[in-house]
Amino acid sequence: MLELDAITKVFRKRGPFGGGRSTVALDRISVRIGDGRTLGVIGESGSGKSTLARIALRMIAPDSGTVRFGGRDITRVSGKALRDFRRKVQPVFQDSAGALDPRMTIARILREPLMLRGDVPRAEWSKRITDILTAIDLSPALRDRYPRQLSGGQRQRIGIARALLMEPEILILDEPVSALDVSVQANVLNLLRDLQRDRGLSYLFIGHDLSIAEYFCDDILVLHNGVQKDFADAETLFRDPKDDYTRTLLAAMPRQL
Ligand SMILES: Nc1ncnc2c1ncn2[C@@H]1O[C@H](COP(=O)(O)OP(=O)(O)OP(=O)(O)O)[C@@H](O)[C@H]1O
Ligand SMILES: [Mg+2]
């Protein structure tokens, strides 16, 4: 449903005396996220994972290649088609929690996506907020609290709720649990799993913990310095990695499952 084809992205850093260095953040990457599936993107720091996520969200443009959503090249759409895409493909970042406005109550924060959508009558907003808080296993009573009164895990759930209120088809999850205590990570991952099952969502999941990727993802893309090293279903990749780099990566990272 979301297809990235031959995506290349180069960042040019200009030096003080002209010239400068270039970083090939992504080099002809081709992957697809199937309906209701989770594509995991793994690789060391600087391998291009977040750049790929930002391109999939159309936050930045690739230098070449196409991103197709529902068969349409979203690097070229505008107007209604672009608004539609922005609603259906939602980000959840590592710092989604930190990005919540500290002066707003949870209810106010969760009203924003409903306001943006414009197709939910105001009279329904309160019920929608109660329903979504219930869906993410938080008490509706938290609606009157401020972000600082919530735990890290609760705040990240609010970030997820805010994305879900847009009724997306795909969530782009860039290290969604990396900032959380290990004890809380499993809770949030299980919640994401349940939400995926109940709502038929597709995920692009970026993480650096391989045991989490193995547990959580259907397909895996391995990136190394912007180069696509492996793209396979998770079971095959973890059982029988084809690429030398993937083998090294798997061997270097402890997995406790
Ligand atoms: N806006 C930018 N300007 C210049 N270089 C950038 C920019 N964004 C990313 N890069 C470079 O592109 C490469 C890929 O960065 P990216 O953030 O995608 O990596 P990552 O895999 O997400 O790393 P991490 O695991 O640390 O989050 C890095 O070399 C980075 O320095
Ligand atoms: Mg990153």
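As recorded in an unreviewed UniProt entry, the protein goes by ABC transporter and comes from Bauldia litoralis. Turning to the protein, the UniProt annotation filed under Sequence similarities (unreviewed entry) states: "Belongs to the ABC transporter superfamily."

S.K.: So what exactly am I meant to see when it comes to the overall build of the protein here?
M.R.: A count of helical and extended segments in the protein gives 9 helices and 10 strands. Radius of gyration (C-alpha) of the protein: 19 Å, near the 18 Å computed for a compact globule of 257 residues. C-alpha extents for the protein along the principal axes are approximately 55 × 45 × 40 Å. The buried share of the protein, reckoned over its 257 residues, is 47%. Residue pairs in contact within the protein that sit at least 24 positions apart in sequence constitute 67% of those at least 6 positions apart. Carbon and sulfur atoms form 47% of the exposed surface of the protein, whose accessible area is close to 12800 Å². When the 40 basic and 33 acidic side-chain charges of the protein are each reduced to a single mean position, those positions are 7 Å apart.

S.K.: Please explain empty space enclosed by the protein as it appears in this structure.
M.R.: In this approach a probe as big as a water molecule rolls over the atoms, and the regions it shows empty are the leftover space. Tallied over the full model, the rule gives 1 cavity of 30 Å³ or more. A volume near 30 Å³ is recorded for the largest cavity. Every residue along the wall of the largest cavity is listed here: D230, A232, T236, L237, D240, P241 and K242. Of all the secondary structure elements, the ones that give two or more residues to the lining of the largest cavity are β10 (227–233) and α8 (234–239). A breakdown of the residues in the lining of the largest cavity according to their chemical character gives 3 nonpolar, 1 polar and 3 charged.

S.K.: What should I look at first to understand the side chain of T38 in this one?
M.R.: Positionally, T38 belongs in strand β3 (residues 38–42). Using a relative accessible area of 1% as the deciding quantity, one classes T38 as buried. Polar side-chain contacts of T38 include one of 3.0 Å to the side chain of Q196. When neighbours within four sequence positions are excluded, T38 is seen to be in contact with Q196, Y203, F205, F216, C217, D218 and D219.

S.K.: What is the right way to read the layout of surface pockets from this model?
M.R.: Reported here for the largest pocket is a volume of approximately 580 Å³. Residue lining of the largest pocket: 23 residues in total, with R86, R87, Q90, L116 and M166 positioned closest to the centre. Elements with a contribution of two residues or more to the lining of the largest pocket: α2 (79–88), β6 (89–93), α3 (106–117) and α5 (152–164). No other element matches the 6 residues that α2 contributes to the lining of the largest pocket. Taken together, the residues of the lining of the largest pocket break down into 11 nonpolar, 3 polar and 9 charged.

S.K.: Please explain the site of ligand 1 as it appears in this structure.
M.R.: As a structural note, the neighbourhood of ligand 1 is formed by 13 residues, with S45, G46, K49, S50 and T51 the closest of them. In the environment of ligand 1, an oxygen atom lies 3.1 Å from a nitrogen or oxygen atom belonging to the backbone of G48. The side chain of S50 places a nitrogen or oxygen atom 2.9 Å from an oxygen atom of ligand 1. Protein contacts shield 64% of the accessible area of ligand 1, which totals 640 Å² for the unbound molecule. Breaking the shell around ligand 1 down by element, the ones donating at least two residues are β2 (20–33) and α1 (49–56). Among the elements that make up the shell around ligand 1, the one with the highest residue count is α1 (4 residues). Residue composition of the shell around ligand 1, grouped by class: 2 nonpolar, 7 polar and 4 charged.

S.K.: What am I meant to see in the nonpolar core here?
M.R.: Soluble globular proteins tend to bury their nonpolar side chains together. L110, I158, L192 and I220 are the most contacted members of the largest nonpolar core, which totals 49 residues. Setting aside residues up to four positions removed in sequence, L110 forms contacts with I129, I132, L133, I158, A161, R162 and L165. Of all hydrophobic cores here, the second largest spans 28 residues; its members include L2, L4, I7 and V31.

Thresholds applied
Residues numbered from 1 in each chain as written. Chains lettered and ligands numbered in written order. Predicted model: local features only at pLDDT ≥ 70, side-chain atom pairs only at ≥ 80, totals over all residues. Heavy atoms only, no water. UniProt positions renumbered as here; feature names shortened; annotations may be inferred. Helix = DSSP H or I, 4+ residues; strand = E, 2+ residues; numbered from the N terminus. Rg over C-alpha atoms; globule rule 2.2 N^0.38 Å. Buried < 20%, exposed > 50% of the residue type's maximum accessible area, 1.4 Å probe, protein only. Contact = heavy atoms within 4.5 Å. Areas by Shrake-Rupley, 256 points an atom, 1.4 Å probe, with all protein chains shown as cover. Lys, Arg positive; Asp, Glu negative; His and termini not counted. Charge placed at Lys NZ, Arg CZ, Asp CG, Glu CD. 1 Å grid on protein atoms, 1.4 Å probe; cavity = no way out; pocket = protein on both sides within 12 Å on 5 of 7 lines; lining within 4 Å. Points joined across faces, edges and corners; volume = space filled by probe spheres on them. Nonpolar A, V, L, I, M, F, W, Y, C, P; charged D, E, K, R; others polar. Polar contact = N/O pair within 3.5 Å; in protein donor to acceptor, adjacent residues only side chain to side chain. Near = heavy atom within 4 Å. Core = buried A, V, L, I, M, F, W, Y, C linked by side-chain atoms within 4.5 Å.

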